[in-house]
Amino acid sequence: MSSIDALLNNNKNPDQVFREQLLSRFASHPLFDQPDGFYCESPYLRPLRPQDLCQLEFGRELTLDELDQPSHLMGQRLLLNIYEQDLIFLPQQKKLQLDEFNAFYDDELRCAGAAIRPLLERHVFGWLDDEVSVSGNWDVDTFKAYADEVLDKIARTPSGLLECIGQARDPASAARFFLIQCAGDFLSEASAMARNVLGNFGPAQSELFKILIDEYGYGVAQKKHSVIFETLMAHCGLNPGVHYYWQFYTATSLALINYFHYVSANHRHFFRYLGALFYTEASLALVTRAQAQAMRVAFGDDVDTLYFDEHAHIDVHHGKMAFEQLIRPVVLRYGNQVLPDIIRGFEEFRLLQDVADAELFAHIGWHDDLAAWQPGPMPEPPAGAPSHTFHECRDDLSVTHVHGNNELFVVDKGTLRLVASPFTELTLGAGQHVVIPRGMLHGSVITSDHCSYTVTSLE
């Protein structure tokens, strides 16, 4: 049977089959395939669990309540790989593997990624259209008054991060997990911004470029914000290699990175980008003091908090620049017609940040639960609940992933390590079990010659 006949005899339409083929081609690339461990020594090796693709539906938009589903994590991982094929990554601590470098930037892989990008963007960001609406008569001054109210509330609200880390069973591990969530963005900080400084759009272009070169240390490597963050990571006992902790990024921390690429790679969204830029620059000036304090709670007063201290200073300036030198002149030049998109970007990134914070705190809470785990009575699954048993051998590794429901995880034979973070793992033997909450990132590795375990839905 020819490939055309196969398409005609398939219940799916040809476009859908073609998209699925491209998704599989991209996700199954050897760079993104099964790894040997949980850490990525190369900036080009980024595991994706391509075997899960057949269970995921990318042809629809997720809702806000579905951001803890497996397809959200997979979609955000895929998108970051696609977006970052436009960026240059060279290993700083390791030898360059030229074959990996060439493979990551391969033309066919880039073409496949470009073809599936709109599908993935709709899947993981389409829900924002339902959650954020802009109506009424706005001008630049009413928007400024509204933004000032929002930012004043942030300034007056106690830091959820500081509270979460301070109350964690192990504040240092909680703080390191937070830094890992930041690393996916901060180690290539302002890369999405760089997409927006080309072309010709008058004085605003130069003002945006000023913010960009601030982020890049005005050409002095040691003052570049990403380099300062590398120093903080090393000081806190973390590996500063780009995407070394790829498998431990939550879906919503990936969404924060990808959103800026999403509204920057398609310049139709440029005005949304300006609103999101204003929100992040102005709000960071308010929250980074608490972030620095959280580091001191976790690691003591001697910890190097320059990264957060620098942002507490410079982002006051950047927030003012983003509004007075970018948004106000752009609105005056092009009219109130551009304001709805600017306000939308402000509100969308604000919402994404709140969702990411909530997921971060939920993960840290679950890590505390695992650290306190003790054998207990096994819960009774609902009648007819889906159940799957897996048989694996020593060192078989399950790339980190999430479940769409609360799951009962039972070891039937042998032993394994359940890994929830670089600092949180649980060794389970035959007859032992743990409940894995919906949306909680985890992986496993087999520690006996043979192991069988069963995963059963509790919903």
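For the structure, check the block above.
### A closer look at the sheet that holds strand β1 (residues 387-393)
The pairing of strands in a sheet happens through backbone hydrogen bonds and is either parallel or antiparallel.
Phase 1 of the analysis: The strand order across the open sheet formed by 4 strands is β1-β8-β3-β6, and the pairing between neighbours is antiparallel. If you trace the sheet from one side to the other, it starts and ends with β1 and β6 (433-436), each paired once. Across this sheet, the average inter-strand angle for adjacent strands is 25°, counted without regard to direction.
Phase 2 of the analysis: The sheet contact formed by strand β3 (residues 407-413) and β6 spans 4 bridges and is antiparallel. Following the sheet pairing, Leu-408 is matched in β6 by Val-435.

### Quick look at the pattern of salt bridges
Phase 1 of the analysis: Under the defined criterion, the tally for this structure stands at 20 salt bridges.
Phase 2 of the analysis: The partner of Glu-84 in a salt bridge is Arg-46, with the nearest N and O atoms 2.9 Å apart. Of the two residues, Glu-84 sits in helix α3 (residues 70-84) while Arg-46 sits in the loop between α2 (14-27) and α3, which places them 38 residues apart along the sequence. The pair formed by Glu-84 and Arg-46 is uniform in burial state, with each residue classed as buried.
Phase 3 of the analysis: Put simply, Asp-86 and Arg-195 hold a salt bridge, and the shortest N to O gap is 2.9 Å.

### Focus: a nonpolar patch on the surface
Phase 1 of the analysis: Where nonpolar side chains cluster on the molecular surface, the patch consists of Ile-88, Leu-90, Leu-96 and Leu-98 and spans about 380 Å² of accessible area.
Phase 2 of the analysis: Within the secondary structure, Ile-88 is located in the loop between α3 and α4 (98-104).
Phase 3 of the analysis: On the basis of relative accessibility, which here comes to 65%, the residue Ile-88 falls in the exposed class.

### Details of empty space enclosed by the protein
Phase 1 of the analysis: A full pass over the atoms with the stated rule returns 1 cavity of 30 Å³ or more.
Phase 2 of the analysis: By volume, the largest cavity is sized at about 30 Å³.
Phase 3 of the analysis: As for the largest cavity, its lining consists of Leu-67, His-72, Gln-76, Val-124, Phe-125, Trp-127, Thr-252, Ala-255, Leu-352, Val-355 and Ala-356.
Phase 4 of the analysis: At the level of secondary structure, the elements contributing two or more residues to the lining of the largest cavity comprise α3, α5 (107-125), α13 (251-265) and α16 (339-371).

### A few points about the layout of surface pockets
Phase 1 of the analysis: In this structure, the second largest pocket encloses a volume near 960 Å³.
Phase 2 of the analysis: Mapped onto the lining of the second largest pocket, the elements with two or more residues apiece are α3, β1, β2 (397-401), β3, β7 (442-446) and β8 (450-457).
Phase 3 of the analysis: Classifying every residue of the lining of the second largest pocket gives 15 nonpolar, 17 polar and 7 charged.

### Quick word on the environment of Arg-46
Phase 1 of the analysis: With relative accessibility at 0%, the residue Arg-46 sits in the buried group.
Phase 2 of the analysis: When the C-alpha atoms of Arg-46 and Pro-381 are compared, they prove to be 34 Å apart, with 335 residues separating the residues in sequence.
Phase 3 of the analysis: When near neighbours in sequence (up to four residues on either side) are disregarded, Arg-46 contacts Leu-31, Phe-32, Leu-80, Asn-81, Glu-84, Phe-89, Phe-104, His-243 and Trp-246.
Phase 4 of the analysis: Reaching out from Arg-46, the side chain makes a polar contact with the side chain of Asn-81 at a distance of 3.0 Å.
Phase 5 of the analysis: At a separation of 2.9 Å, a polar atom in the side chain of Arg-46 contacts the side chain of Glu-84.

### As for the packing of aromatic side chains
Phase 1 of the analysis: The tally for this structure, following the rule as stated, stands at 38 aromatic pairs.
Phase 2 of the analysis: Here Tyr-44 and Phe-101 contribute two aromatic rings whose centre-to-centre distance is 6.1 Å and whose plane-to-plane angle is 80°, an arrangement assigned as edge-to-face. With Tyr-44 in the loop between α2 and α3 and Phe-101 in helix α4, this pair connects stretches of sequence that are 57 residues apart.
Phase 3 of the analysis: Take Phe-101: its relative accessible area is 21%, and that puts it in the partly exposed class.
Phase 4 of the analysis: Its guanidinium or amino end placed over the ring of Phe-89, Arg-46 lies 5.5 Å from that ring's centre, counting from NZ or CZ.

### Describing the nonpolar core
Phase 1 of the analysis: Counting residues in hydrophobic clusters, the biggest one holds 121 residues, and the most contacted among them are Phe-143, Phe-229 and Phe-278.
Phase 2 of the analysis: No other element matches the 12 residues that helix α14 (residues 270-299) contributes to this core.
Phase 3 of the analysis: Not counting residues up to four positions away in its chain, the partners in contact with Phe-143 are Trp-138, Phe-278, Phe-323, Ile-327, Leu-339, Ile-342, Ile-343 and Phe-346.
Phase 4 of the analysis: Among the nonpolar cores identified, the runner-up in size contains 16 residues, and Leu-426, Ile-436, Met-440 and Cys-451 belong to it.

### Focus: the environment of Gly-404
Phase 1 of the analysis: Position of Gly-404 relative to the elements: it lies in the loop between β2 and β3.
Phase 2 of the analysis: You can call Gly-404 buried: its relative accessible area is 16%.
Phase 3 of the analysis: Ignoring sequence-local partners within four residues, the contact set of Gly-404 consists of Gln-69, Pro-70 and Arg-438.

### Some words on a negative patch on the surface
Phase 1 of the analysis: On the surface, a cluster of negative charge is made up of Glu-61, Asp-65, Asp-130 and Glu-131.
Phase 2 of the analysis: Residue position: Glu-61 is located in the loop between α2 and α3.
Phase 3 of the analysis: Of the residues examined, Glu-61 reaches a relative accessible area of 37% and is grouped as partly exposed.

### Details of the pairing of strand β4 (residues 415-421)
Phase 1 of the analysis: In terms of burial, β4 is a largely internal element, 5 of the 7 residues being buried.
Phase 2 of the analysis: Taken together, the 6 bridges between β4 and strand β5 (residues 424-429) define a ladder with antiparallel strand orientation. Its bridge partner lying in β5, Arg-417 is registered against Thr-427.
Phase 3 of the analysis: Turn length for the β4-β5 hairpin, with the two strands adjacent in sequence and antiparallel, is 2 residues.
Phase 4 of the analysis: In this sheet, β7 lies alongside β4 in antiparallel orientation, the contact comprising 4 bridges. Residue pairing in the sheet places Leu-418 in a bridge with Ser-444 of β7.

Calculation notes
Residues numbered from 1 in each chain as written. Predicted model: local features only at pLDDT ≥ 70, side-chain atom pairs only at ≥ 80, totals over all residues. Heavy atoms only, no water. Pairing = 2+ DSSP bridges. Helix = DSSP H or I, 4+ residues; strand = E, 2+ residues; numbered from the N terminus. Axes fitted to C-alpha atoms, helices over the stretch in contact; angles between N-to-C directions. Salt bridge = Lys/Arg side-chain N within 4 Å of Asp/Glu carboxyl O. Buried < 20%, exposed > 50% of the residue type's maximum accessible area, 1.4 Å probe, protein only. Patch = residues over 30% accessible without salt bridge, like charges linked within 9 Å, V, L, I, M, F, W, Y side chains within 5 Å. Areas by Shrake-Rupley, 256 points an atom, 1.4 Å probe, with all protein chains shown as cover. 1 Å grid on protein atoms, 1.4 Å probe; cavity = no way out; pocket = protein on both sides within 12 Å on 5 of 7 lines; lining within 4 Å. Points joined across faces, edges and corners; volume = space filled by probe spheres on them. Nonpolar A, V, L, I, M, F, W, Y, C, P; charged D, E, K, R; others polar. Contact = heavy atoms within 4.5 Å. Polar contact = N/O pair within 3.5 Å; in protein donor to acceptor, adjacent residues only side chain to side chain. Phe/Tyr/Trp six-rings, centres within 6.5 Å; stacked < 30°, edge-to-face > 60°. Lys NZ or Arg CZ within 6 Å of the ring centre and 35° of its normal. Core = buried A, V, L, I, M, F, W, Y, C linked by side-chain atoms within 4.5 Å. Lys, Arg positive; Asp, Glu negative; His and termini not counted. Charge placed at Lys NZ, Arg CZ, Asp CG, Glu CD.

By themselves, these are just geometric observations and shouldn't be taken as functional.
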